[in-house]
Amino acid sequence: MSKQINTTQLIEVIRATIHSEKPFVALHEPVFQGREKEFVVDCLETGWVSSVGKYVDLFEQMLAEYTGSVRAVAVVNGTAALHIGLLISGVRPGDEVICPSLSFVATTNAITYCGAVPHFVDVDEITLGIDPKKLDSYLSEIVRIEGKRPYNKVTGRPISAVVPMHTFGHPVRLEKLMEVCSKYGLELIEDAAESLGSFYKGKHTGTFGKVSAMSFNGNKIMTTGGGGAILVQDEVLGKLAKHITTTAKVPHRWEFIHDQVGYNYRLPNINAALGCAQMEQLPYFLERKRSLADQYRKNLQLVDGITFFTEPPECKSNYWLNTIILNDETQDERDHVLEQLNDHGLMSRPAWTLLHKLVMYQECPRMELIASEKLSKRMINIPSSSFLGGLE
Ligand SMILES: *Cc1c(COP(=O)(O)O)cnc(C)c1O
């Protein structure tokens, strides 16, 4: 069958848009043009590289302030943030937790660490995240309320939470999702790992439920090397998040007293130092990424058979990873396009393998995942580093 996407043209357009002739262009590279070196050297010179030091507090303050959160607790990675976020939200062994199949494996892994079972629901094509309308009608079929708690009629297990994920930085329909959550008595815990700098109706993602998780892995919009944070909108839960992630140690001048099973999830000071310097540059990263997305959107209109994905209505996305979506006529050409782009030094990737297809999650309950299947077959991420693109 002849291919419909002119990949030669696509490559030319992407090259012209990113203004880079480099033989290999990565999907997303970090940028360290601020005070990273100064802050990291300060850690080395003062000896405060590990579990104590001023940068952890400072980084947490900067995150809380930027996102408008009551508290931010810095941890070793986004997966750990999700794990503790779920725990302090009351997710217990034997519960089911609703999440999208279209996500990174960390979402379901964290649910599994709690002894809970992921329950997959579909996404919509406007946001790439959980579809609240489908969720509502699905829950109305499968949920039985007993003593104010929602149970899955089919499996008999309690359902405790919904974990939406803001795919590639694009916010989900948070207001509608919150309505559905309160209708069925479910906690909302945002996997905001990809959405630092993304806003829904002017409010930062990750601040809609009481607790959410962020990631600062090396490929995210800003990085601490490895790292994450729990955003908390409640003083008591904020204290608990800090306590549990720091071995649940009760303060004392010399005694080691721990009052529950804790975790050693605290972000080291040296990573937090990197984070403080990166936070200072976040507005610049966001501006550059928005400008790159704008240029992609304009230029890719020239290429037939694909659509450039743009932010959902009433949202401001961080455009972490730029995405093209194949049309109906070109839906079978994904691997051909991936091959061509990668062969020509433009690192590109499909979306994740849908989580319900991974061996360890195949038996999990799920609704029909029509949009997820369709999107995962058609989405391609293209180079998105904040230094790419001509200055506008
Ligand atoms: C990056 C990411 C995480 C967390 O990843 P870490 O590598 O543990 O920081 C969680 N969920 C999603 C959707 C992610 O993209």
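Residues numbered from 1 in each chain as written. Predicted model: local features only at pLDDT ≥ 70, side-chain atom pairs only at ≥ 80, totals over all residues. Heavy atoms only, no water.

- The name given to the chain in an unreviewed UniProt entry is Perosamine synthetase, with the source organism recorded as Cohnella phaseoli.
- If you open the UniProt record of the chain and go to Sequence similarities (unreviewed entry), you find "Belongs to the DegT/DnrJ/EryC1 family."
- The Cofactor (unreviewed entry) comment attached to the chain in UniProt states, word for word, "pyridoxal 5'-phosphate". (UniProt positions renumbered as here; feature names shortened; annotations may be inferred.)

### Comments concerning the site of the ligand
Right, on to step 1. Taken together, 14 residues sit near the ligand, with G78, T79, E194, S215 and K220 positioned nearest.
Right, on to step 2. One of the side-chain nitrogen or oxygen atoms of T79 is found 2.5 Å away from an oxygen atom of the ligand.
Right, on to step 3. Here a nitrogen atom of the ligand and a side-chain polar atom of D191 are 2.8 Å apart.
Right, on to step 4. Structurally, the ligand is housed in the largest pocket.
Right, on to step 5. Broken down by class, the residue content of the shell around the ligand amounts to 4 nonpolar, 7 polar and 3 charged. (Near = heavy atom within 4 Å. Polar contact = N/O pair within 3.5 Å; in protein donor to acceptor, adjacent residues only side chain to side chain. 1 Å grid on protein atoms, 1.4 Å probe; cavity = no way out; pocket = protein on both sides within 12 Å on 5 of 7 lines; lining within 4 Å. Sits in = over half its atoms within 2 Å of the grid points. Nonpolar A, V, L, I, M, F, W, Y, C, P; charged D, E, K, R; others polar.)

### Regarding the side chain of H166
Right, on to step 1. Within the secondary structure layout, H166 lies in the loop between β6 (159–162) and α7 (174–184).
Right, on to step 2. There is a polar contact of 2.9 Å between the side chain of H166 and the side chain of E190.
Right, on to step 3. If near-sequence neighbours (up to four positions away) are discounted, H166 is found in contact with P171, V172, L174, E190, D191, A192, E194, S195, T205 and G206. (Helix = DSSP H or I, 4+ residues; strand = E, 2+ residues; numbered from the N terminus. Contact = heavy atoms within 4.5 Å.)

### Concerning the packing of helix α1 (residues 7–18) against helix α9 (residues 269–299)
Right, on to step 1. Between α1 and α9, the shortest axis-to-axis distance is 10 Å and the interhelical angle comes to 150°. By the angle class used here, α1 and α9 are roughly antiparallel. Regarding α1 and α9, the two cross each other, and that crossing is right-handed. From α1, V13, I14, T17 and I18 reach across to α9, where they touch L292, Q295, Y296 and N299. (Axes fitted to C-alpha atoms, helices over the stretch in contact; angles between N-to-C directions. Parallel < 35°, antiparallel > 145°, perpendicular 65-115°, else oblique. Left-handed = near helix turned anticlockwise from the far one by under 90°.)

### Topic: the sheet that holds strand β11 (residues 228–232)
Right, on to step 1. Pairing is mixed across the open sheet formed by 7 strands, whose spatial order is β1-β11-β10-β7-β6-β2-β3. Of all the strands in the sheet, just β1 (71–75) and β3 (117–121) have a single pairing partner and so form its edges. Taken over all neighbouring pairs, the strand axes of this sheet differ in orientation by 25° on average, direction set aside.
Right, on to step 2. Strands β2 (96–100), β3 and β6 of the sheet are contacted by helix α6 (residues 132–142), whose axis makes an angle of about 125° with β3. (Pairing = 2+ DSSP bridges.)

### Quick notes on the pattern of salt bridges
Right, on to step 1. Under the definition given, this model contains 21 salt bridges.
Right, on to step 2. The shortest N-O distance in the salt bridge between K54 and D42 comes to 3.3 Å. Pair noted here: K54 is in helix α3 (residues 54–67) and D42 is in helix α2 (residues 36–46), with a separation of 12 residues, a long-range link.
Right, on to step 3. You can call D42 partly exposed: its relative accessible area is 21%.
Right, on to step 4. Residue E125 pairs with K374 through a salt bridge whose shortest N-O separation is 3.2 Å. Here E125, found in the loop between β3 and α6, pairs with K374, found in helix α11 (residues 370–378); they are 249 residues apart in sequence, far enough to count as distant.
Right, on to step 5. Members of the salt-bridge network, linked through shared partners, are R35, E38 and E280. (Salt bridge = Lys/Arg side-chain N within 4 Å of Asp/Glu carboxyl O. Buried < 20%, exposed > 50% of the residue type's maximum accessible area, 1.4 Å probe, protein only.)

### A look at the nonpolar core
Right, on to step 1. Counting residues in each nonpolar core, the largest one holds 55 residues, and the members touching the most others are L86, V91, V97, L135, L139 and I230.
Right, on to step 2. The residues that make up this core include at least three from each of domain 1 (7–30 + 281–382) and domain 2 (36–280).
Right, on to step 3. Apart from residues no more than four positions distant in its own chain, L86 is found in contact with V91, V97, A110, I111, C114, V163 and I189.
Right, on to step 4. Ranked by size, the runner-up nonpolar core spans 41 residues in total, among them F39, L102, L267 and A273. (Core = buried A, V, L, I, M, F, W, Y, C linked by side-chain atoms within 4.5 Å. Domains from an automatic or database assignment.)

### Concerning the UniProt feature "active site" (unreviewed entry) in the chain
Right, on to step 1. In the numbering used here, UniProt assigns the feature "active site" (unreviewed entry) to K220.
Right, on to step 2. Relative to the assigned elements, K220 resides in the loop between β10 (211–215) and β11.
Right, on to step 3. Under the relative-accessibility criterion, K220 is labelled buried at 10%.
Right, on to step 4. Look past the residues within four positions of K220 in its chain and what remains in contact with it is H28, A193, E194, S215 and W320.

### Thoughts on the environment of C99
Right, on to step 1. Examined against the element boundaries, C99 turns out to sit in strand β2.
Right, on to step 2. Through-space distance from the C-alpha of C99 to that of Q362 is 14 Å; in sequence the pair is 263 residues apart.

### Here's the deal with empty space enclosed by the protein
Right, on to step 1. For the structure on display, the rule yields 1 cavity of 30 Å³ or more.
Right, on to step 2. Across the lining of the largest cavity, the residue classes tally to 5 nonpolar, 4 polar and 3 charged.
Right, on to step 3. Taken domain by domain, the lining of the largest cavity gets at least three of its residues from each of domain 1 (7–30 + 281–382) and domain 2 (36–280). (Points joined across faces, edges and corners; volume = space filled by probe spheres on them.)

### Brief notes about the domain arrangement of the chain
Right, on to step 1. Segmenting the chain into domains produces domain 1 (7–30 + 281–382) and domain 2 (36–280).
Right, on to step 2. Spacing between the C-alpha centres of domain 1 and domain 2 amounts to 25 Å.
Right, on to step 3. Listed per partner, the contact involves 45 residues of domain 1 and 52 residues of domain 2.
Right, on to step 4. Both sides together, the interface formed by domain 1 and domain 2 hides about 4100 Å², and carbon and sulfur atoms give 66% of it. (Buried area = accessible area lost by both parts, 1.4 Å probe.)

### Focus: unusual backbone geometry
Right, on to step 1. Positive phi, close to 55°, is recorded for A248, a residue that is not glycine.
Right, on to step 2. In this fold, A248 is placed in the loop between α8 (235–245) and β12 (249–250).
Right, on to step 3. In the Ramachandran plot, Y319 falls in the positive-phi region, its phi being about 45° despite a non-glycine side chain.
Right, on to step 4. Within the fold, Y319 resides in the loop between β15 (315–316) and β16 (322–326).
Right, on to step 5. According to the relative accessible area criterion, Y319 is buried, its value standing at 6%.

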